[in-house]
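Structural overview
This is what each chain is made of:
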Amino acid sequence: MEPEVVNAELVLPTHLSFKRIQMYEKYPKGQSRGRHWKHLKQILQAENYQNYPPDEPNYVNIETPPSMHPCKKICDITGNEAPYFDPRTNLRYANAEVFKLVRSLPNEYVQRYLALRNAAVVLK
């Protein structure tokens, strides 16, 4: 072997690409470990949106079209997702226990639940 090759120092990279980085190497003491998310209020204060022209879109004046997805049907009693609908009272319900309660409600309570959902109808 040649003397130059034998006496040469072995040069390795500081980080091998196949080796996992340990947390203490990635984040030395004093550095933040996670992302710090800003709330909308903080963004608005930092960006000074009052000084922008009114026709330029930003967080304050952005408008979106209505959703293309249908609204979720919510149980009028429990607030859970309601796959069922009672045709007699027009109330939505989530399970059999709630259905028993819906059928036992007096007409005035049914009307109040429907009014909360803006679906008030005069029942016979």
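None of these values were measured; they are calculated from a predicted model. (Residues numbered from 1 in each chain as written. Predicted model: local features only at pLDDT ≥ 70, side-chain atom pairs only at ≥ 80, totals over all residues. Heavy atoms only, no water.)

1. Remarks on the overall build of the chain
When its secondary structure is counted, the chain shows five helices and two strands. Listed N to C, the secondary structure of the chain is α-α-α-β-β-α-α in terms of helices and strands. Counting only residues that meet the buried cut, the chain has 14% of its 124 residues in that class. Considering only residue pairs separated by 6 or more positions, the chain has 17% of its internal contacts joining residues 24 or more positions apart. If you sum the accessible surface of the chain, you get close to 11,800 Å²; carbon and sulfur atoms cover 55% of it. (Helix = DSSP H or I, 4+ residues; strand = E, 2+ residues; numbered from the N terminus. Buried < 20%, exposed > 50% of the residue type's maximum accessible area, 1.4 Å probe, protein only. Contact = heavy atoms within 4.5 Å. Areas by Shrake-Rupley, 256 points an atom, 1.4 Å probe, with all protein chains shown as cover.)

2. Some words on the pattern of salt bridges
Oppositely charged side chains are able to pair whenever their charged atoms sit close together. Summed over the entire model, instances satisfying the criterion amount to two salt bridges. Here D76 makes a salt bridge to R117, at a shortest N to O gap of 2.7 Å. Taken together, the positions of D76 in the loop between α3 (40–47) and β1 (84–85) and R117 in the segment after α5 (107–116) put the pair 41 residues apart, joining distant regions of the chain. Residue class for D76 comes out buried when judged on its relative accessible area of 16%. Of the residues examined, R117 reaches a relative accessible area of 24% and is grouped as partly exposed. Across the salt bridge formed by D86 and R103, the nearest N and O atoms sit 2.7 Å from each other. On the criterion of sequence distance, the pair formed by D86 in the loop between β1 and β2 (92–93) and R103 in helix α4 (residues 96–104) is long-range, its members being 17 residues apart. Residue R103 is classed as partly exposed on the basis of its relative accessible area of 32%. (Salt bridge = Lys/Arg side-chain N within 4 Å of Asp/Glu carboxyl O.)

3. Topic: the nonpolar core
In this structure, C75, A82, L91, Y93, A94, V98, V102, L105, V110 and L114 together form the largest nonpolar core, which totals 10 residues. When contributions to this core are tallied by element, the ones reaching two or more residues are α4 and α5. (Core = buried A, V, L, I, M, F, W, Y, C linked by side-chain atoms within 4.5 Å.)

4. Looking at the packing of aromatic side chains
For the coordinates displayed, the defined rule picks out two aromatic pairs. When the centroid spacing of 5.5 Å and the interplanar angle of 25 degrees are considered together, the rings of Y84 and Y93 count as stacked. We classify Y84 as partly exposed; its relative accessible area is 43%. Residue Y93 is classed as buried on the basis of its relative accessible area of 12%. On the numbers, 4.9 Å between centres and 40 degrees between planes, the contact of Y93 with F99 is tilted. On the basis of relative accessibility, which here comes to 27%, the residue F99 falls in the partly exposed class. (Phe/Tyr/Trp six-rings, centres within 6.5 Å; stacked < 30°, edge-to-face > 60°.)

5. Structural notes on the environment of D76
With 18 residues separating them in the primary sequence, D76 and A94 have C-alpha atoms 8.7 Å apart. Excluding residues that lie within four positions of it along the chain, D76 makes contacts with N90, L91, R92, Y113 and R117. One polar contact links D76 to R117, side chain to side chain, over a distance of 2.7 Å. (Polar contact = N/O pair within 3.5 Å; in protein donor to acceptor, adjacent residues only side chain to side chain.)

6. Details of the confidence of the model for the chain
Averaged over every residue, the pLDDT of the chain is 79; residues scoring 70 or more account for 67%. Ranking the elements of the chain by mean pLDDT puts helix α1 (residues 3–7) last with 59 and β2 first with 96. (pLDDT = per-residue confidence, 0-100.)

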